[in-house]
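Spelled out from the first residue to the last, the chains are:
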Amino acid sequence: MRLVQNMCTIAEYPQAGSASGDGCSGGSSGRPRLIKIAVVGASGVGKTALVVRFLTKRFIGDYERNAGNLYSRQIQIDGEMLAIQVQDTPGIQIHEHSLDCNEQLNRCIRWADAVVIVFSITDYKSYELLSHLHQQVRQLHPGNRVPVVVVANKADLLHIKEVEPQNGLQLANMLGCTFYEVSVSENYNDVFNAFHVLCKEVSKQQITSTPEKRRTSLIPRPKSPNMQDLKRRFKQALSAKVRTVTSV
Ligand SMILES: Nc1nc2c(ncn2[C@@H]2O[C@H](COP(=O)(O)OP(=O)(O)OP(=O)(O)O)[C@@H](O)[C@H]2O)c(=O)[nH]1
């Protein structure tokens, strides 16, 4: 990717959040809490453009094919400074009836606290991929409701649309995801709002789940059987048996 300013890749970025890397510390260490977002979708839907727009406010029309870069930015949400890491992922290849999710993509999804699934309204196949990707996210985060936002991009290209925006909204609702129709090229605010909503959701989850985790770890473990007691009872049982045998 070219011409990216005001951003740094993970290699340059100081590890925000936690040493444990669970993205939930901060607070006590004085560092901003870390929120990790993966952006996934078919090739050419505008994933890189979306990420760059969010991070720099700029639309840069021409990118090299993405190999999966990680970017970061700090934003303030509800008065709290958060460190956001955004993982741009390589475009997914669509096969006949299956999703070709390689290990790199799966790793990104597992790593993320939240996922943005992007499709383009000018590419029906990218829309069809949506439910497969959503399923993949749920499979890779079993028992954990990772927030997912569906972004229908290229809203400025209505004259060549292949997907009715209404269909995107309906499907997103069915999947329980927030939906945003955006034009990365023409509108920064919608892009920002999509990420903002997602960050808020993750932030809320982190805040509510952290004390829960702590409480769970404080619940006493069931005691292991007391060996002395077991031995005593065993001896008692044995001597009772011996008495029975002797008395016969
Ligand atoms: N008209 C229009 N073009 C867009 C918009 N967003 C992205 N594009 C263009 O779509 C093309 C693909 O954008 P990318 O951001 O490279 O798409 P990608 O999903 O990252 O593609 P891969 O790297 O192949 O996965 C580029 O030519 C962008 O300029 C948009 O909102 N409107």
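As shown above, the structure is provided for reference.
Residues numbered from 1 in each chain as written. Predicted model: local features only at pLDDT ≥ 70, side-chain atom pairs only at ≥ 80, totals over all residues. Heavy atoms only, no water.

Asker: Please set out the packing of aromatic side chains residue by residue, giving values where relevant.
Answerer: Across all of its chains, the model carries 5 aromatic pairs by this definition. With a centroid separation of 6.2 Å and 35° between ring planes, the pair formed by phenylalanine 54 and phenylalanine 192 is classed as tilted. A residue pair is termed long-range when its members are at least 10 positions apart, and phenylalanine 54 in helix 1 (residues 47-56) and phenylalanine 192 in helix 5 (residues 188-218) qualify at 138 residues. Overall, phenylalanine 192 belongs to the partly exposed group, its relative accessible area being 21%. By the ring-pair criterion, three or more aromatic residues cluster together here, those being Phe54, Tyr188, Phe192 and Phe195. Taking the ring centre of phenylalanine 54 as reference, the NZ or CZ of arginine 73 above it sits at 5.2 Å. (Phe/Tyr/Trp six-rings, centres within 6.5 Å; stacked < 30°, edge-to-face > 60°. Helix = DSSP H or I, 4+ residues; strand = E, 2+ residues; numbered from the N terminus. Buried < 20%, exposed > 50% of the residue type's maximum accessible area, 1.4 Å probe, protein only. Lys NZ or Arg CZ within 6 Å of the ring centre and 35° of its normal.)

Asker: Outline the pairing of strand 7 (residues 114-120), listing residues and values.
Answerer: Most of strand 7 is tucked away: 7 of the 7 residues are buried. Residue alternation in strand 7 divides its side chains into two sets, Ala114, Val116, Val118 and Ser120 and Val115, Ile117 and Phe119, and both sets are buried. Crossover connection from strand 7 via helix 3 (residues 124-140) to parallel strand 8 (residues 148-153): handedness right-handed. (Right-handed = clockwise from strand over helix to strand, strands pointing away.)

Asker: Account for the packing of helix 3 against helix 4 (residues 165-175), naming residues and giving values.
Answerer: Interhelical geometry of helix 3 versus helix 4 gives an angle of 10° and a closest axis separation of 11 Å. Between helix 3 and helix 4, the angle is such that the two are roughly parallel. Two secondary-structure elements touch here, helix 3 through Tyr127, Leu130, Ser131 and His134 and helix 4 through Asn167, Gly168, Leu171 and Leu175. Tallied by class, the residues present in the contact of helix 3 with helix 4 amount to 4 nonpolar, 4 polar and no charged. (Axes fitted to C-alpha atoms, helices over the stretch in contact; angles between N-to-C directions. Parallel < 35°, antiparallel > 145°, perpendicular 65-115°, else oblique. Contact = heavy atoms within 4.5 Å. Nonpolar A, V, L, I, M, F, W, Y, C, P; charged D, E, K, R; others polar.)

Asker: Tell me about the site of the ligand, residues and numbers included.
Answerer: Near the ligand there are 21 residues, and of these Ser43, Lys47, Ala49, Gly61 and Asp156 occur at the shortest range. Contact between the ligand and threonine 48: an oxygen atom at 2.9 Å from a side-chain N or O atom of the residue. The contact in question runs from an oxygen atom of the ligand to an N or O atom on the backbone of serine 185, over 3.1 Å. For the ligand, the protein covers 83% of the area, taking 650 Å² as the surface of the free molecule. Broken down by element, the residue count for the shell around the ligand peaks at 3 residues, all from helix 1. Split into classes, the residues belonging to the shell around the ligand amount to 7 nonpolar, 10 polar and 4 charged. (Near = heavy atom within 4 Å. Polar contact = N/O pair within 3.5 Å; in protein donor to acceptor, adjacent residues only side chain to side chain. Areas by Shrake-Rupley, 256 points an atom, 1.4 Å probe, with all protein chains shown as cover.)

Asker: Explain unusual backbone geometry to me, using residue names and the numbers behind them.
Answerer: Even without glycine at this site, aspartate 78 takes up a positive phi of about 50°. Inspection of the secondary structure puts aspartate 78 in the loop between strand 3 (70-77) and strand 4 (80-88). A positive phi angle, close to 70°, is found at lysine 154, a residue other than glycine.

Asker: Could you give an account of the pattern of salt bridges, naming the residues involved and the relevant values?
Answerer: All told, the structure shown has 4 salt bridges when counted by the stated rule. Residue arginine 110 is joined to glutamate 103 by a salt bridge in which the shortest nitrogen-to-oxygen separation is 3.4 Å. The shortest N-O distance in the salt bridge between glutamate 164 and lysine 161 comes to 3.7 Å. Judged by relative accessible area, which is 33%, lysine 161 ranks as partly exposed. (Salt bridge = Lys/Arg side-chain N within 4 Å of Asp/Glu carboxyl O.)

Asker: Could you give me a rundown of the pairing of strand 3, with the residues and numbers involved?
Answerer: Here is the key point about a regular strand: its side chains alternate between the two faces of the sheet. Taken together, the 8 bridges between strand 3 and strand 4 define a ladder with antiparallel strand orientation. Residue pairing in the sheet places arginine 73 in a bridge with isoleucine 84 of strand 4. What sits between strand 3 and strand 4 in their antiparallel hairpin is a turn of 2 residues, with aspartate 78 showing a positive phi close to 50°. (Pairing = 2+ DSSP bridges.)

Asker: Summarise the side chain of glutamine 136; cite the residues concerned and give the values.
Answerer: With respect to the secondary-structure elements, glutamine 136 resides in helix 3. Side-chain polar atoms of glutamine 136 contact the side chain of asparagine 106, separated by 2.9 Å.

Asker: I'd like a rundown of helix 2 (residues 103-111), residues and numbers included.
Answerer: Taken residue by residue, helix 2 has Leu105, Asn106, Cys108 and Ile109 as its buried positions. Projected onto a plane normal to the axis of helix 2, the buried residues spread over an arc of 160° and lie on a single side. As for helix 2, its buried residues are in contact with strand 2 (33-41), strand 4 and helix 3. Among the residues of helix 2, the N-terminal cap falls to asparagine 102, whose side-chain oxygen and the backbone nitrogen of glutamine 104 are separated by 3.2 Å. (Arc of directions from axis to C-beta.)

Asker: How would you sum up the nonpolar core? Please name residues and give values.
Answerer: By size, the foremost hydrophobic cluster in this structure holds 59 residues, and its most contacted members are Ile37, Leu50, Ile84, Val116, Phe119, Val151 and Phe195. When neighbours within four sequence positions are excluded, phenylalanine 119 is seen to be in contact with Val45, Ser126, Tyr127, Leu130, Val150, Val151, Ala152, Asn153, Val163, Gly168 and Phe179. (Core = buried A, V, L, I, M, F, W, Y, C linked by side-chain atoms within 4.5 Å.)

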